[in-house]
Amino acid sequence: MAYQNLISEIKENILYVTINREKALNALNKDTLAELADVIEFAKKTEQVRGVILTGAGEKAFVAGADIKEFSDYNGKQGEDLAKRGQDQVFNAIENSSKPFIAAINGFALGGGLELAMACHMRIASDNAKLGLPEVTLGLIPGYGGTQRLTQLVGKGKAIEMITTANMITASEAEKIGLVNGVVPQADLISKAEEIMNVIKQRAPLAISAAIKSVVAAVKNSDGYTVEIEEFGKCFETADFKEGVTAFIEKRKANFAGK
Ligand code: HXC
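So, here is what we can say about the structure in this document. Please read these numbers as outputs of a predicted model, since none were measured by experiment. (Residues numbered from 1 in each chain as written. Predicted model: local features only at pLDDT ≥ 70, side-chain atom pairs only at ≥ 80, totals over all residues. Heavy atoms only, no water.)

Once that is clear, we can look at the overall build of the chain. What the chain contains, in helices and strands, is eleven helices and ten strands. A globule of 259 residues ought to have a C-alpha radius of gyration of about 18 Å, and the chain, at 19 Å, matches this closely. Counting the 259 residues in the chain, one finds 45% classified as buried. Nonlocal contacts in the chain, meaning residues at least 24 apart in sequence, comprise 68% of its contacts between residues at least 6 apart. If you sum the accessible surface of the chain, you get close to 13400 Å²; carbon and sulfur atoms cover 54% of it. Measuring between centres, the 30 positive side-chain charges of the chain sit 2 Å from its 33 negative side-chain charges. (Helix = DSSP H or I, 4+ residues; strand = E, 2+ residues; numbered from the N terminus. Rg over C-alpha atoms; globule rule 2.2 N^0.38 Å. Buried < 20%, exposed > 50% of the residue type's maximum accessible area, 1.4 Å probe, protein only. Contact = heavy atoms within 4.5 Å. Areas by Shrake-Rupley, 256 points an atom, 1.4 Å probe, with all protein chains shown as cover. Lys, Arg positive; Asp, Glu negative; His and termini not counted. Charge placed at Lys NZ, Arg CZ, Asp CG, Glu CD.)

Structural data, given as C-alpha cells:
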C-alpha cells in the first residue's frame, strides 16, 4: 500500500503502521486520517494480518495532536463534523477492530495523538514519552473520544485533572495510573510491542476477537456481561476451540487455523 503520510508493511503477520509527518510531529491532518481509515480497513479484511503496531516517525513524537493549522478557522458545525468523521472512521474503527492494535508511543502523544493511542487496545511507551490532552489550551476539549477513553482508563478524578490542567505527564506517571501498559527505552519500543503481539499470535484468533469485543463492551454503555456470554458461547462453535481442547488433552501445542 502506498500512502503519502503513512508507512505500512506486513512482517510475520503483523501490520506495522508508522505515521510519517515528522516535521509536523506527525500531527493528524485530514489526509492522514483518511489514510488511517484506509489502513484500518485493510487490516480488517486481510487474513494475513493478525494485529497492528501503530507508531510515529522519528524519535520526538508519536502524534502531537490533530493538525491545528487545518481547523483554526472552523465553526461549530465544521468542528462537530471533524470529530464525528474521525471518531467513526478511525478511532472507533480501531477500538472495534477484532484484531489487536498496540500503540507504540515513541514521544509526544498529545490531544488527538493520545486519543489515537487510547483507541488502541494496548499502549507501550518509550521512557521519553510525554502524554496529555492539551485541548483546553486551545479553547477546545478532546473530540476524538478522549473524555470517554481517558476516564475509562484512569478514572474520573485523574481524567478531569489531566483534561482541565492540560498538563503533560511522563511515561512512568502514565504507567502508574494505568494509562500505558509498560515503559521501555526508546530503542526497545517496537520489540516490546512485538513481544506482546507474538504471544497473542499463538492464541486462537476467533477467541482473541471475542475477548476484545467483550472487554470493549464492558466500558461502553451496553450490557458487556451479556455480550461476553454471547461471545463465549460462539467460541464453542469454532474449530479452534476443538483444537485447543484436544491439544490440551493430548499434551501438545495447539495449531489454530482461525476457523
Ligand atoms: C500542527 C503541529 C502540531 C499540531 C506540532 N506542530 N504540533 N502542527 N498541529 N498539533 C508543528 C509545529 O507547528 C512545528 O512546525 C513543528 O511541528 C515542531 O513543533 P514545535 O512546536 O516547534 O516543537 P517544540 O517546541 O519541541 O514543541 C513540541 C510540542 C508543541 C510541545 C509538542 O509542538 C505543541 O504544543 N504542539 C501542539 C500540541 C497540541 O496542542 N495538541 C492538541 C491539538 S488539538 P513549524 O512548521 O511551525 O515549525 C487536538 C484536538 C483533537 O488534538 C480532537 C479533534 C476532533
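Having seen the model, we can carry on.
Right, let's get into the site of the ligand. Neighbouring residues of the ligand: 24 residues in total, closest Lys 60, Ala 64, Ala 66, Lys 69 and Gly 112. Between the ligand and Lys 23, the relevant distance is 3.4 Å, taken from an oxygen atom to a main-chain nitrogen or oxygen of the residue. Between the ligand and the protein, one listed contact pairs an oxygen atom with a backbone N or O atom of Ala 66 at 2.8 Å. For the ligand, the protein covers 66% of the area, taking 1000 Å² as the surface of the free molecule. Taken together, the residues that form the shell around the ligand break down as 14 nonpolar, four polar and six charged. (Near = heavy atom within 4 Å. Polar contact = N/O pair within 3.5 Å; in protein donor to acceptor, adjacent residues only side chain to side chain. Nonpolar A, V, L, I, M, F, W, Y, C, P; charged D, E, K, R; others polar.)

Turning our eyes to something else, we now look at helix α11 (residues 239-249). Restricting attention to buried positions, one finds in α11 the residues Asp 240, Glu 243 and Ala 247. Looking straight down α11, one finds its buried side chains confined to an arc of 60 degrees; they lie on one side. Facing away from the buried side of α11 by more than 90 degrees, the exposed set consists of Phe 248 and Ile 249. Against the buried residues of α11 lie α9 (205-218). Count one or two residues on from α11 and you reach Lys 251, which has phi positive near 55 degrees. (Arc of directions from axis to C-beta.)

For Asn 26, which is not a glycine, the phi torsion comes out positive at approximately 60 degrees. Locating Asn 26 in the fold gives a position in the loop between β2 (14-19) and α1 (30-45). Of note in this structure, Ala 166 is not a glycine but carries a positive phi near 65 degrees. With respect to the element layout, Ala 166 can be found in the loop between α6 (156-165) and β9 (169-170). Residue classification places Ala 166 among the buried positions, given a relative accessible area of 11%.

Attention now goes to the sheet that holds strand β5 (residues 101-105). Reading across from one edge, β1-β2-β3-β5-β7-β10 is the order of the six strands in this open sheet, with mixed pairing throughout. Edge strands, defined here as strands with exactly one partner in the open sheet, are β1 (6-11) and β10 (182-184). Along the sheet, successive strands turn relative to each other by an average axial angle of 20 degrees, direction set aside. Summarising the sheet, β5 and strand β7 (residues 122-126) pair through four bridges and their orientation is parallel. Its bridge partner being in β7, Ala 104 is matched across the sheet by Ile 124. (Pairing = 2+ DSSP bridges. Axes fitted to C-alpha atoms, helices over the stretch in contact; angles between N-to-C directions.)

In contact at an axis separation of 8 Å, helix α3 (residues 76-95) and helix α4 (residues 112-119) are set at 35 degrees when each is read in the N-to-C sense. Two secondary-structure elements touch here, α3 through Val 90, Phe 91, Ile 94 and Glu 95 and α4 through Gly 112, Glu 115, Leu 116 and Ala 119.

Within the secondary structure, Asn 92 is located in helix α3. Each C-alpha atom, one on Asn 92 and one on Gly 145, is 8.4 Å from the other, the two residues being 53 residues apart in sequence. Leave out the neighbours within four places in its chain, and Asn 92 touches Gln 87 and Arg 149.

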